[in-house]
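Chain residues, written in single-letter form:
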Amino acid sequence: MSSVEESVARVSDRGAATRGALLAAACDVFCEAGFAQAAVTDIVARAGASVGSLYHHFNGKADLYLTLFEEFQTRQQERTREAVHAARDAGEADPMRLFIAGARAYLYGCVLERNVARLFISGDGPPRFDRIMRQRLNTWARRNAALFQTADGGVDEALVTVLTGAMAGSVAEVSLSDDEDVSRQLADEVVAIIGTIHNPGAGNA
């Protein structure tokens, strides 16, 4: 690697480190003070960065919040994907049991990152964030409800509605508990109840 390439790599590494520090600091400040009361100056001070560096990497406070949300959702999607794949690899083929594996992983992710999950359900976010969150959860439920293909190859809209509502309420409850064991038990009980929902494709088998 040439000296120029090494210099570029160092700059890139520093930029990535600064971006990561800003996100970590923003997460802490948002969790402590809430989005509305969080100050950009507090975030950059905790990150050991400058206001200029924040605006180099992000458009502002709302962009930090939304980036944290997107990164959390990416981790949640990966947890869900791994759980469903592991269930399939173990020989599971029943659509409801596969959905339950993914739902449990999603809820366990909320337990594992309760402070972050709690931040996003607090109602204290950027304008219209509640709509963004509902849309993302609906997308997640729709993607996983595709396990239950209808006879014509479509997705059962009523099932998507039920699963989205059940997961939204469950995410709130497991995230708000301060006791990890209680949260996990609640997550297990929720997915057990979801498992009793009629599989619309079962009658077509």
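The preceding data block contains the structure.
What you are looking at is a predicted structure, and each value in this text was computed from that prediction instead of being measured.

1. Some words on unusual backbone geometry
Here comes step 1: Even without glycine at this site, R128 takes up a positive phi of about 65°.
Here comes step 2: Topologically, R128 is positioned in the loop between α6 (114–121) and α7 (129–145).

2. A word on the nonpolar core
When a protein is soluble and globular, its nonpolar side chains tend to lie buried together.
Here comes step 1: With 47 residues, the main nonpolar core has F30, I43, L64, L107, F120, W140 and M167 as its most contacted residues.
Here comes step 2: Within the residue set of this core, elements represented by two or more residues are α1 (3–33), α2 (40–47), α4 (61–89), α5 (95–112), α6, α7, α8 (157–176) and α9 (180–194).
Here comes step 3: If one sorts the elements of this core by residue count, α5 sits on top with eight residues.
Here comes step 4: Viewed by domain, this core spans two of them, domain 1 (1–58) and domain 2 (65–204), each represented by three or more residues.
Here comes step 5: Apart from the residues lying within four places of it in its own chain, the contact partners of F120 are Y65, L68, F69, F72, F129 and M133.

3. Remarks on the packing of aromatic side chains
Here comes step 1: Going through the model one piece at a time under the given rule, you end up with nine aromatic pairs.
Here comes step 2: Look at F30 and F35: their rings are 5.6 Å apart centre to centre, the planes differ by 45°, and that puts the pair in the tilted class.
Here comes step 3: When the centroid spacing of 5.1 Å and the interplanar angle of 75° are considered together, the rings of F69 and F120 count as edge-to-face. Taken together, the residues span a long stretch of sequence, with F69 in helix α4 and F120 in helix α6 at a distance of 51 residues.

4. Observations regarding α5
Here comes step 1: In this model α5 runs 26 Å from its N-terminal to its C-terminal C-alpha over 18 residues, within 8% of the 26 Å that 1.5 Å per residue would give.
Here comes step 2: Where burial is concerned, most of α5 is hidden: 13 out of the 18 residues are buried.

5. Topic: the packing of α4 against α5
Here comes step 1: Between α4 and α5, the least distance of the axes is 8 Å, while the angle of their chain directions is 145°. The element α4 and its partner α5 pack so that their crossing is right-handed. Only L98, A101, G102, A105, Y106, G109, C110 and L112 of α5 make contact with α4, whose side of the interface consists of F72, Q73, Q76, R79, T80, A83, V84, A87 and R88.
Here comes step 2: Counted by class, the contact of α4 with α5 contains ten nonpolar, five polar and two charged residues.

6. Here we look at the packing of α6 against α8
Here comes step 1: At a closest axis distance of 9 Å, the pairing of α6 and α8 adopts a crossing angle of 130°. Accordingly, the angle class assigned to the pair α6 and α8 is oblique. Seen from above, α6 lies across α8 with left-handed handedness. Touching R114, A117, R118 and I121 of α6 are V171, A172, V174, S175 and L176, all from α8.
Here comes step 2: Residue composition of the contact of α6 with α8, grouped by class: six nonpolar, one polar and two charged.

Conventions we followed
- Residues numbered from 1 in each chain as written.
- Predicted model: local features only at pLDDT ≥ 70, side-chain atom pairs only at ≥ 80, totals over all residues.
- Heavy atoms only, no water.
- Helix = DSSP H or I, 4+ residues; strand = E, 2+ residues; numbered from the N terminus.
- Core = buried A, V, L, I, M, F, W, Y, C linked by side-chain atoms within 4.5 Å.
- Buried < 20%, exposed > 50% of the residue type's maximum accessible area, 1.4 Å probe, protein only.
- Domains from an automatic or database assignment.
- Contact = heavy atoms within 4.5 Å.
- Phe/Tyr/Trp six-rings, centres within 6.5 Å; stacked < 30°, edge-to-face > 60°.
- Expected span 1.5 Å × (residues − 1).
- Axes fitted to C-alpha atoms, helices over the stretch in contact; angles between N-to-C directions.
- Left-handed = near helix turned anticlockwise from the far one by under 90°.
- Nonpolar A, V, L, I, M, F, W, Y, C, P; charged D, E, K, R; others polar.
- Parallel < 35°, antiparallel > 145°, perpendicular 65-115°, else oblique.

In short, shape yes, function no, at least from these values alone.
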